[in-house]
Amino acid sequence: MTPLSTVPAQGSSLPVPLDLGGRTALVTGAAGGIGRSCALRLAAAGAKVRAVDREAAGLEELVERAGGLAGAVEPHVLDLSDLDAAELAAAGTDVLVNNAGMQLVRPIEEFPPDVFHTVLTVMLEAPFRLIRGALPHMYGQGWGRIVNVSSVHGLRASAFKSAYVAAKHGLEGLSKTAALEGAPHGVTSNCVNPAYVRTPLVEKQLADQARAHGIPEERVLSEVLLQDSAVKRLIEPEDVAEAVAYLCSPHASFVTGTSLVLDGGWTAH
């Protein structure tokens, strides 16, 4: 098996100029991966970040890593399947980053219906409720930024990922609707669409991918994950966070209702 940590990475360029002093941001799935990088990036820009996750230990580690940044990180342990609590948690936020996700790789005929329901709840219905909870404050002040961490699977399908693909396609539509409704109120809504990112979510699906495709686990990275990417490497979570930062910046005030694709050329096919 080729560990994901051995795949070459490239460093990011200079960060996007961003000042979120006095702003409150909420990031879901903040205990690790893309969410942790987004929380740290927004806190570095001066935001007070509500870090939402069901993993308390990961949130504690995030708070430690955020020490010394211009902003602050406040841990908020929450299971997003509690939709009423999710909506309440979003009240008063200026920046909302819907990032939390989950994955199961199975053929449709073997996909557990309860897992399909849970994936759609956490990855589509919860973002709707979070947006619903955040919009009154955003509309009231005439400014807001909604960034939905979608995926290349919000634009393209892959076999054996029915729930994930369905949720991400739905998130694309939700994001566009929020953009149309929010534009008169100074609120933008966009998706960020990475291909495979160096995260625990990707690490954990290697065995499932191998079983579903009938290949050894060591061949999954090159023959499945990176097969359709022209750039043969994983994306770093920090690169996704920088795209989120751009969409929150003044330079992106006219960018709304669209998808910022970070797929290494996947969708160029």
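Source: prediction; values computed, not measured.

> For this particular structure, what's the right way to read the confidence of the model for the protein?
Should the pLDDT be low somewhere, the predicted coordinates at that spot are not to be read in detail. On average, the protein scores 93 in pLDDT, and the residues at 70 or more come to 95%. Per-element mean pLDDT across the protein ranges from 75 in helix α6 (residues 200-204) up to 99 in strand β4 (residues 95-98).

> Explain the sheet that holds β4 to me, please; I cannot follow it from the model alone.
Working definition: the strands of a sheet are paired by backbone hydrogen bonds and lie parallel or antiparallel to each other. With respect to topology, seven strands assemble into an open sheet ordered β3-β2-β1-β4-β5-β6-β7, the strand pairing being parallel. In the strand order of this sheet, the two ends are held by β3 (72-77) and β7 (259-262), each with one partner. Mean inter-strand twist for the sheet, computed between neighbouring axes without regard to direction, equals 15°. Examined bridge by bridge, strand β1 (residues 24-28) and strand β2 (residues 48-53) share five bridges and lie parallel to one another. Following the sheet pairing, Thr 24 is matched in β2 by Lys 48. Those strands touched by helix α2 (residues 56-65) are β2 and β3, and its axis lies near 175° from that of β3.

> Is there a simple way to explain helix α5 (residues 162-182) in this structure?
Residues lying three or four places apart along an α-helix face the same way, a consequence of the helix completing one turn every 3.6 residues. The end-to-end C-alpha separation of α5 is 30 Å, in line with the 30 Å expected for 21 residues at 1.5 Å each. Considered for burial, the residues of α5 that qualify are Ala 163, Tyr 164, Val 165, Ala 167, Lys 168, Leu 171, Glu 172, Leu 174, Ser 175, Ala 178, Ala 179 and Gly 182. Contact partners of the buried residues in α5: α4 (113-141), β5 (144-149), β6 (187-194) and β7.

> Whenever I open this one, the pairing of β4 confuses me. Can you help?
Looking along a regular strand, one sees the side chains alternate between the two faces of the sheet. Burial along β4 is two-sided: the face carrying Val 95 and Val 97 and the face carrying Leu 96 and Asn 98 are both buried. Taken together, the three bridges between β1 and β4 define a ladder with parallel strand orientation. The residue bridging Val 27 from the neighbouring strand is Val 97, located in β4. By the bridge criterion, four bridges tie β4 to β5 in an arrangement that is parallel. If you follow Val 97 over to β5, its bridge partner there is Val 147.

Calculation notes
- Residues numbered from 1 in each chain as written.
- Predicted model: local features only at pLDDT ≥ 70, side-chain atom pairs only at ≥ 80, totals over all residues.
- Heavy atoms only, no water.
- pLDDT = per-residue confidence, 0-100.
- Helix = DSSP H or I, 4+ residues; strand = E, 2+ residues; numbered from the N terminus.
- Pairing = 2+ DSSP bridges.
- Axes fitted to C-alpha atoms, helices over the stretch in contact; angles between N-to-C directions.
- Contact = heavy atoms within 4.5 Å.
- Expected span 1.5 Å × (residues − 1).
- Buried < 20%, exposed > 50% of the residue type's maximum accessible area, 1.4 Å probe, protein only.

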